[in-house]
Amino acid sequence: MGEQGNSPTSIEDSGHACGSTASLSQSSTEDLRTELKLGLSLSIPSQTSSSSSREQHSDWPPTKPLVRSTLDERRIPPHPASFFVKVHMEGIPVGRKLDLFALDGYDSLIRTLRCMFRTNISCPGLAQVSSRKTYLVIYEDMEGDWMMAGDVPWELFLNTVKRLKIAKADKC
Amino acid sequence: MAIKKQKELDIEEKSPENRILSFPDEVLERVLVFVKTHKDRSAVSLVCRDWYNAERWSRTHVFIGNCYSVSPEMVARRFPNIRSVTLKGKPRFSDFNLVPPNWGSDIHPWLVVFASAYPFLEELRLKRMTVTDESLDFLARSFPEFKALSLVSCDGFSTDGLASITTYCRNLTELDIQESGIEDLGGSWLNFPESFTSLEALNFANLHSEVNFDALERLVARCKSLKVLKVNKHVMLEQLRRLLVRAPQLTELGTGPFSQDHKLRSHIDLESAFSNCKNLNTLSGLWEVSSMYLPALFPACTNLTFLNLSYTALQSAELAKLLQKCPLLRRLWVLDTVEDKGLEAVASSCHLLQELRVFPADPFEQEVIMEGGGNGVTESGFVAVSEGCPNLHYVLYFCHQMTNAAVATVVRNCPNFTHFRLCIMDMRRPDYLTNEPMDEAFGAVVKTCSKLRRLAVSGLLTDRAFEYIGTYAKNLETLSVAFAGSSDRGMQCVLEGCPKLRKLEIRDCPFGNAALLSGLERYESMRSLWMSACNLTMNGCQLLARKMPRLNVEVIKEDESDDMHAEKVYVYRSVAGPRRDAPPFVLTL
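Residues numbered from 1 in each chain as written. Chains lettered and ligands numbered in written order. Predicted model: local features only at pLDDT ≥ 70, side-chain atom pairs only at ≥ 80, totals over all residues. Heavy atoms only, no water.

### Brief notes about the environment of Ile166 of chain A
Threshold: Helix and strand definitions here come from DSSP, where helices need a minimum of 4 consecutive H or I residues and strands a minimum of 2 consecutive E residues; each element is numbered from the N-terminal end. The contact criterion used throughout is that any non-hydrogen atoms of two residues lie within 4.5 Å.
Among the structural elements, Ile166 of chain A can be located in strand 5 (residues 161-168). Once residues lying within four places of it in the same chain are set aside, the contact partners of Ile166 of chain A are Val87, His88, Met89, Glu90, Leu113, Phe117, Ile121, Tyr135 and Leu136 of chain A.

### With respect to helix 16 (residues 439-448) of chain B
Residues and elements named next belong to chain B. Quick note on the threshold: Burial classification: accessible surface area is computed with a 1.4 Å probe over protein chains only, and a residue below 20% of its type maximum counts as buried, one above 50% as exposed, and the rest as partly exposed.
Within helix 16, seven of the 10 residues are buried, which leaves the element mostly enclosed by the surrounding structure. Taken as a whole, helix 16 has its buried residues at Asp439, Ala441, Phe442, Gly443, Ala444, Val445 and Val446. The secondary structure elements touched by the buried residues of helix 16 are helix 15 (404-413), strand 18 (419-424), strand 19 (454-456) and helix 17 (463-472).

### Description of the packing of helix 17 of chain B against helix 18 (residues 488-497) of chain B
All names here are of chain B. What counts here: In this analysis an axis means a line fitted to C-alpha atoms, helices contributing only their contacting stretch, and an angle means the value between N-to-C directions, from 0 to 180 degrees. Angle categories: roughly parallel below 35 degrees, roughly antiparallel above 145, roughly perpendicular from 65 to 115, and oblique for all the rest. Residues are grouped as follows: Ala, Val, Leu, Ile, Met, Phe, Trp, Tyr, Cys and Pro are nonpolar; Asp, Glu, Lys and Arg are charged; every other residue, Gly included, is polar.
Contact geometry for helix 17 and helix 18: axes closest at 8 Å, N-to-C directions at 5 degrees. Put simply, helix 17 runs roughly parallel to helix 18. Residue-level inspection shows Asp463, Phe466, Glu467, Ile469 and Gly470 of helix 17 in contact with helix 18, the latter providing Arg489, Gly490, Cys493, Val494 and Gly497. Residue composition of the contact of helix 17 with helix 18, grouped by class: four nonpolar, three polar and three charged.

### Topic: unusual backbone geometry
Here the residue pair Trp60 of chain A and Pro61 of chain A is connected by a cis peptide bond, since its omega of -5 degrees sits within 30 degrees of zero. Inspection of the secondary structure puts Pro61 of chain A in the loop between helix 2 (26-38) and helix 3 (65-75). Backbone geometry places Ser105 of chain B, a non-glycine residue, at a positive phi of 55 degrees. Along the polypeptide, Ser105 of chain B turns up in the loop between strand 2 (84-88) and helix 6 (108-117). A positive phi angle, close to 55 degrees, is found at Asp508 of chain B, a residue other than glycine. By the secondary structure assignment, Asp508 of chain B is in the loop between strand 21 (503-507) and helix 19 (513-518). According to the relative accessible area criterion, Asp508 of chain B is buried, its value standing at 13%.

### Topic: the nonpolar core
Here is the rule we go by: As used here, the term nonpolar core means buried Ala, Val, Leu, Ile, Met, Phe, Trp, Tyr and Cys residues forming a set that is joined through side-chain atoms within 4.5 Å.
Counting 181 residues, the largest nonpolar core has Leu216, Phe420, Leu455 and Ile469 of chain B as the members making the most contacts within it. Among the nonpolar cores identified, the runner-up in size contains 23 residues, and Val85, Val87, Leu113 and Tyr139 of chain A belong to it.

### Describing the pairing of strand 3 (residues 123-127) of chain B
All names here are of chain B. Filter applied, for reference: Think of it like this: strands point away, you trace from the first strand over the helix to the second, and a clockwise trace means the crossover is right-handed. For two strands to count as paired, DSSP must find a minimum of two bridges between them.
Side chains Leu124 and Leu126 of strand 3 all project onto a buried face; the interleaved residues Glu123, Arg125 and Lys127 project onto a face where none is buried. Assessed by its sense of winding, the connection that carries the chain from strand 2 through helix 6 to strand 3 is right-handed. Relative to strand 4 (residues 148-152), strand 3 runs parallel, the two being bridged by five bridges. Among the inter-strand pairings, Leu124 is bridged to a residue of strand 4, identified as Leu149. In this region the chain leaves strand 3, passes through helix 7 (residues 133-142) and returns to the parallel neighbour strand 4; the handedness of that crossover is right-handed.

### A closer look at the packing of helix 3 (residues 38-45) of chain B against helix 4 (residues 49-58) of chain B
Residue and element names in this part refer to chain B. Where helix 3 meets helix 4, the axes come as close as 7 Å, and the angle between the chain directions of the two elements is 145 degrees. Across the interface between the two elements, Arg41, Val44 and Ser45 from helix 3 touch Trp51, Tyr52, Glu55 and Ser58 from helix 4. Taken together, the residues of the contact of helix 3 with helix 4 sort by class into three nonpolar, two polar and two charged.

### Comments concerning the sheet that holds strand 1 (residues 84-89) of chain A
Residues and elements named next belong to chain A. If you walk across this open sheet you meet the five strands as 2-1-5-3-4, and the pairing is mixed. Looking at strand neighbours, the two that pair on one side only are strand 2 (96-99) and strand 4 (146-148), the edges of this open sheet. Across the sheet, the mean angle from the axis of one strand to that of its neighbour is 35 degrees, orientation sign disregarded. The strands touched by helix 4 (residues 106-117) within the sheet are strand 1, strand 2, strand 3 (135-141) and strand 5, with strand 2 carrying the most contacts at an inclination of about 150 degrees.

### Describing the pattern of salt bridges
Between side chains of opposite charge, pairing is possible as soon as their charged atoms come close. Residues and elements named next belong to chain B. The condition that has to hold: Whenever Lys or Arg places a side-chain nitrogen within 4 Å of a carboxyl oxygen from Asp or Glu, that contact is recorded as a salt bridge.
Here the structure, examined in full by the defined rule, presents 29 salt bridges over all chains. Salt-bridge contacts for Glu123 lead to Arg125; the nearest nitrogen and oxygen are separated by 3.3 Å. Residue class for Arg125 comes out partly exposed when judged on its relative accessible area of 25%. Here Glu355 makes a salt bridge to Arg331, at a shortest N to O gap of 3.0 Å. A residue pair is termed long-range when its members are at least 10 positions apart, and Glu355 in strand 16 (residues 355-359) and Arg331 in strand 15 (residues 331-335) qualify at 24 residues. Overall, Glu355 belongs to the buried group, its relative accessible area being 7%. A single salt-bridge network, built from bridges that share partners, covers Arg41, Glu55, Arg59 and Arg78.

### Let's talk about the packing of aromatic side chains
Residues and elements named next belong to chain B. Put simply, the rule is: Between 30 and 60 degrees the pair is tilted, below 30 it is stacked and above 60 it is edge-to-face, where a pair is any two Phe, Tyr or Trp rings, Trp via its six-membered ring, whose centres lie within 6.5 Å. Counted as over-ring charges are cases with an Arg CZ or a Lys NZ within 6 Å of the ring centre that also lie within 35 degrees of the ring normal.
Inspection of the entire model under this criterion finds 27 aromatic pairs over all chains. Here Phe466 and Phe511 contribute two aromatic rings whose centre-to-centre distance is 5.8 Å and whose plane-to-plane angle is 85 degrees, an arrangement assigned as edge-to-face. Of this pair, Phe466 sits in helix 17 while Phe511 sits in the loop between strand 21 and helix 19, placing them 45 residues apart in sequence. There is no split in this pair, since Phe466 and Phe511 are both buried. Chaining the aromatic ring pairs together yields one cluster made of Tyr68, Phe93, Phe96, Trp103, Trp530, Tyr570 and Tyr572. Its guanidinium or amino end placed over the ring of Trp287, Lys233 lies 5.6 Å from that ring's centre, counting from NZ or CZ. It is Arg331 that lies over the ring of Phe306; its NZ or CZ is 4.0 Å from the centre.

### Overview of the pairing of strand 22 (residues 528-532) of chain B
Residue and element names in this part refer to chain B. With five of five residues buried, strand 22 is to be regarded as a mostly interior element. Residues of strand 22 alternate between two faces, with Ser528, Trp530 and Ser532 on one and Leu529 and Met531 on the opposite face, all of them buried. Sheet topology note: the strand 21/strand 22 ladder contains five bridges and is parallel. Directly across from Ile506, in strand 22, lies its bridge partner Met531. Following the backbone out of strand 21, through helix 19 and into the adjacent parallel strand 22, one traces a crossover that is right-handed. Bridge analysis of strand 22 against strand 24 (residues 568-573) gives five bridges, and the strand direction is antiparallel. From the neighbouring strand, Ser532 faces strand 24, where its bridge partner is Lys568.

### Focus on the environment of Glu379 of chain B
Residues and elements named next belong to chain B. Worth spelling out the cut-off: Two N or O atoms count as a polar contact when they lie within 3.5 Å, although within protein this holds only if one can serve as hydrogen donor and the other as acceptor, and sequence-adjacent residues are included solely when both atoms are side-chain atoms.
Along the chain, Glu379 turns up in helix 14 (residues 379-388). Placed 27 residues apart in sequence, Glu379 and Ala406 show a C-alpha to C-alpha distance of 6.1 Å. Beyond its immediate sequence surroundings of up to four residues, Glu379 is in contact with Gln401, Met402, Thr403, Ala406 and Tyr432. Here Tyr432 takes part through its side chain, which lies 2.5 Å from a polar atom of the side chain of Glu379.

### Examining the side chain of Thr418 of chain B
Note that Thr418 of chain B resides in the loop between helix 15 and strand 18. Beyond its immediate stretch of four places on either side in the chain, Thr418 of chain B contacts His393, Lys451, Leu452, Arg453 and Arg454 of chain B.

### Topic: the confidence of the model for chain B
Residues and elements named next belong to chain B. Applicable threshold: The pLDDT score gives, residue by residue, the confidence of the prediction method on a 0 to 100 scale.
For chain B, mean pLDDT is 91; residues scoring 70 or higher make up 94% of the total. In this model, residues 1-14 is a region of pLDDT below 50 whose contacts with residues beyond four sequence positions or in other chains number 17 contacts. Counted against residues more than four places away or in other chains, residues 367-373, with its pLDDT under 50, gives 11 contacts. For this predicted complex, the interface score ipTM comes out at 0.78, while the overall pTM is 0.78.

Below is the structure:
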């Protein structure tokens, strides 16, 4: 257990004010160890020690972990980028813009468009009698042609789409 | 909470009528109902035995600042009629990972005693306590009148525990789990029965999982007294709009993300929902703000007194526009993404500002990918705010650079600081212009701000800073010190010079046993002392423990490498004796 102690030396065994005589006991070794741990110079305090230390500490600066983790989450963007395309609905002069990277497939596309324009858009590939009331999604590709959405895999579609249109089914 | 000797008033002996002595207890108790704060009540209880008894019978709310300072049985014995309990547990530095997990402050033993002593308990407010799902379930089933549960920075429970509360607490008015570490097992905990309508406050802002929105919407619709609603980041704008439409009476709102939501038809709908909320005084949340949606908020900002943007990476221009709509703002919390320019906007728009907190968006200075990530705030932003906001009395400021002159200017402009917390994030950084220690800065603070109650220091500091604190900070109650000081003398000055000191927390400072022992006389009048990574040894701590038997002197020993060094020391007064639930790494000396 080491020194028990009421003797003065052990009370002051932390002593390290400038110029104090270091006692040659166990305590001076631990002073040294502590000093090394703290990285502190024992003498003149005005030395600029590690003033710009960028050490990584999980406990410094004193911000709460919850705040930190929230900001960390934000630092890694959830999507690498966004890809906004214009969407026009037939008969309506003013169009909308839609981020295709925020969607994960054609289903999501149709659902979103239904929401945005509040109209019934039929799913690609469904054999439906074209009526005056349903709409279809078509897109202009890189070559300038207007194509029906849904034929090619989603990733391929993303590579080739320039803009979208919601057209009346009976006109397609 | 220490029971002191009964004293009798001199007046009683001198008074001719002596009628005070025969004042019936029941009447005294009726009068004492109007004495509310726990400090006043403690004072009342010290007057004489009769007053002590009258006070203990009439007290309905008990505040326990350190859960280990007293035992639940003692509380129950002294106060028979408690309806509301506030309990604080872990030392504050546990917020920054300095206290190992499973340290203690478990609420359960308290609940067991309360279940038999206070079956009609209505409110429980906990801070930094450990609360398990079993405890929450026990709570929900044991107290039929239970109304308000507030868990701030607590841990140990999951959404299952919350489900017990919502299922069984028929009279619940408040459920607030802010900043607590919750294990998220999914969103079905929000299952208040359809007949339940008493909710007044709901805060689940930092819950990670999505709650059942339909259930939430129905809940909000039928709880007509709902005043406080703080949702989490899964509640999108269209959903928020629907909630606002159902609860225009809200006074405090915490939003979800304020960014593009396809389901939202137009900004106008959102704006109109906000303009119906005429009673909003507090706004928070605003995760990921997209500037095109921000104006939708403006109609609700007229009466805002507290704006919490500490999760919002706002730029100075956006902040400026927002602040122009908030003329009555008293408290503002922001991230340092607003930079000095943003603080200049604060200065020009918020003349009534009393409290400012500026948090670092990027505390570890990793590569900032966020837009406009800059240099945070500097001393010029600080000075600007002090020039425009003379009523400032509370500041928490995180920065990378500061000067003594700037701080002196700030306190000259705002001499009424009661809380001054400056965190220069680079350890031991001197005044960046003069290269001198920051001693004069804090000297100016304590000399000028005579009402100062709370101080946090940082930057390069010698013992001189602490000499100033000991000499001038006569009203100081809480002091936080990190990476500062040159010798034991620093800590001694504070212990000798600050008569009202209650909480002292120190980390990574060159204070040793002599400093620790110089405070022998002080610790019994303080709530607690925390010292970590200082120069304390087991011997010094043992000596303290031996000389002061009514203090609990605890050493947290996490690794076995250095037997003599006391890495983390927690000293606090207690009438309950040493802890009986201490884990193996907490040694009570």
